[in-house]
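Results of the structural survey
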Amino acid sequence: SIDGKHARRTQSSSPLGELFDHGLDSWTASIFPLSLFSVFGCDSGKAGLTPMKMYLVTSVVLFTFMLSHWEKYNTGVLFLPWAYDISQLSMTFVYILTAIVGVETFHKPLFPHVYMTDFLITFLVGCSLLVALPHTVYNILIAYRQKTLLKSSVYEGLLPLFSPSLLFILLTAWTIFSPCNILNRQPRLFLWMVGILFSNVTCRVIICQMSNTRSEVFHWLLWPLALVVGLAVSGCLGTLEELTFFVITAFATTAHIHYGVCVGKQLSKHFHIYVFSLRKRYAA
């Protein structure tokens, strides 16, 4: 929360810093819910969360993060609603509470058939759907009425949403029709893969809105994912489905890190700045 203030204080603000900030945020947006799920537990009695509920909650959080950058892609202004701050404060409260009373407190009903996890998950999803999403749509409508939208057509404005929507469809199909029930067999790793893929898609949208360039229609990582999902749900992979899942997850993670390193080096070279130094210039 203070990286922007520190960058301005040291006069080191740059597009590279913006990409580092929002790019890493797009990754941690999936890691934060995953850490909460680990606290709540998976199928630990009535208070536990099922892997499918974890997946859906994670998807809502990631789409909400994506919508903020979709808004800037169309309006040129990045507005982060207070839902982001309150969600981080809520997580901090959960961690402190867990340290004091232990995880058992989440497995005891506050009211008949109502657990604390129900409140927290409802609050998390509610902030996303009832605060962040309406505000994004409102800001885009205001820009449309004021004729300040950066995109000339509805199609151009919706381009950044095509890849994440298709990504969600593919992953959901895999979770529902997987012969080996891959989400229940590998819940943590599956949610890790979800976060990686969404982060890579989001980072490309961030670069497009930073450079005022056209967003791609289909992200290239969707092609190998679509192939794997198709082979898995059709039963062609058989007993190799879980192994193939490990391979595609490792591949996506490696591709995402490679992409981040390469873009960071290119921006560093273009702006003549060091990645992890306040020195402004280096010899060309």
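Residues numbered from 1 in each chain as written. Predicted model: local features only at pLDDT ≥ 70, side-chain atom pairs only at ≥ 80, totals over all residues. Heavy atoms only, no water.

Per an unreviewed UniProt entry, the protein chain carries the name Ethanolaminephosphotransferase 1 and comes from Eleutherodactylus coqui. Of the comments in the UniProt record for the protein chain, the one headed Sequence similarities (unreviewed entry) reads "Belongs to the CDP-alcohol phosphatidyltransferase class-I family." Under the heading Subcellular location (unreviewed entry), UniProt records this for the protein chain: "Membrane". (UniProt positions renumbered as here; feature names shortened; annotations may be inferred.)

1. What about helix 6 (residues 154-177)?
Taking 1.5 Å as the rise per residue, helix 6 with 24 residues should run 34 Å; its terminal C-alpha atoms sit 33 Å apart, in good agreement. Maximum bend of helix 6: about 45°, positioned at Pro160. (Helix = DSSP H or I, 4+ residues; strand = E, 2+ residues; numbered from the N terminus. Expected span 1.5 Å × (residues − 1). Bend = angle between axes of the 7 residues up to and from the residue.)

2. So, empty space enclosed by the protein
Applying the stated criterion across every chain, the model contains three cavities of 30 Å³ or more. Space inside the largest cavity adds up to approximately 110 Å³. The set of elements that each furnish at least two residues to the lining of the largest cavity consists of helix 2 (15-40), helix 4 (82-101) and helix 5 (116-145). Taken together, the residues of the lining of the largest cavity break down into eight nonpolar, two polar and no charged. Considered as a void within the structure, the second largest cavity measures approximately 60 Å³ in volume. (1 Å grid on protein atoms, 1.4 Å probe; cavity = no way out; pocket = protein on both sides within 12 Å on 5 of 7 lines; lining within 4 Å. Points joined across faces, edges and corners; volume = space filled by probe spheres on them. Nonpolar A, V, L, I, M, F, W, Y, C, P; charged D, E, K, R; others polar.)

3. Here's the deal with a nonpolar patch on the surface
A cluster of nonpolar residues, Leu129, Leu130, Leu133, Val137 and Leu141, forms a patch on the protein surface that exposes about 430 Å² of accessible area. As for its position among the elements, Leu130 is in helix 5. (Patch = residues over 30% accessible without salt bridge, like charges linked within 9 Å, V, L, I, M, F, W, Y side chains within 5 Å. Areas by Shrake-Rupley, 256 points an atom, 1.4 Å probe, with all protein chains shown as cover. Salt bridge = Lys/Arg side-chain N within 4 Å of Asp/Glu carboxyl O.)

4. Points about the nonpolar core
Formed by 46 residues in total, the largest nonpolar core has its most connected members in Leu171, Trp174, Phe190 and Leu225. No other element matches helix 8 (residues 187-211), which puts eight residues into this core. In this structure, Trp174 is in contact with Ile182, Phe190, Met193, Leu225, Val228, Val229, Ala232, Val233, Glu241, Phe245 and Ile248, ignoring residues within four places of it in sequence. One finds Leu16, Leu19, Cys203 and Leu267 within the second-largest nonpolar core, a separate group that totals eight residues. (Core = buried A, V, L, I, M, F, W, Y, C linked by side-chain atoms within 4.5 Å. Buried < 20%, exposed > 50% of the residue type's maximum accessible area, 1.4 Å probe, protein only. Contact = heavy atoms within 4.5 Å.)

5. Comments concerning the UniProt feature "transmembrane region" (unreviewed entry) in the protein chain
As recorded in UniProt, the feature "transmembrane region" (unreviewed entry) lies at residues 54-70, 82-103, 115-138, 158-177, 189-207 and 219-240. Between the end C-alpha atoms of residues 54-70 there is a gap of 24 Å, over a span that is 100% helix and 0% strand. Overall, residues 158-177 shows 100% helix and 0% strand. The separation of its end C-alpha atoms is 29 Å.

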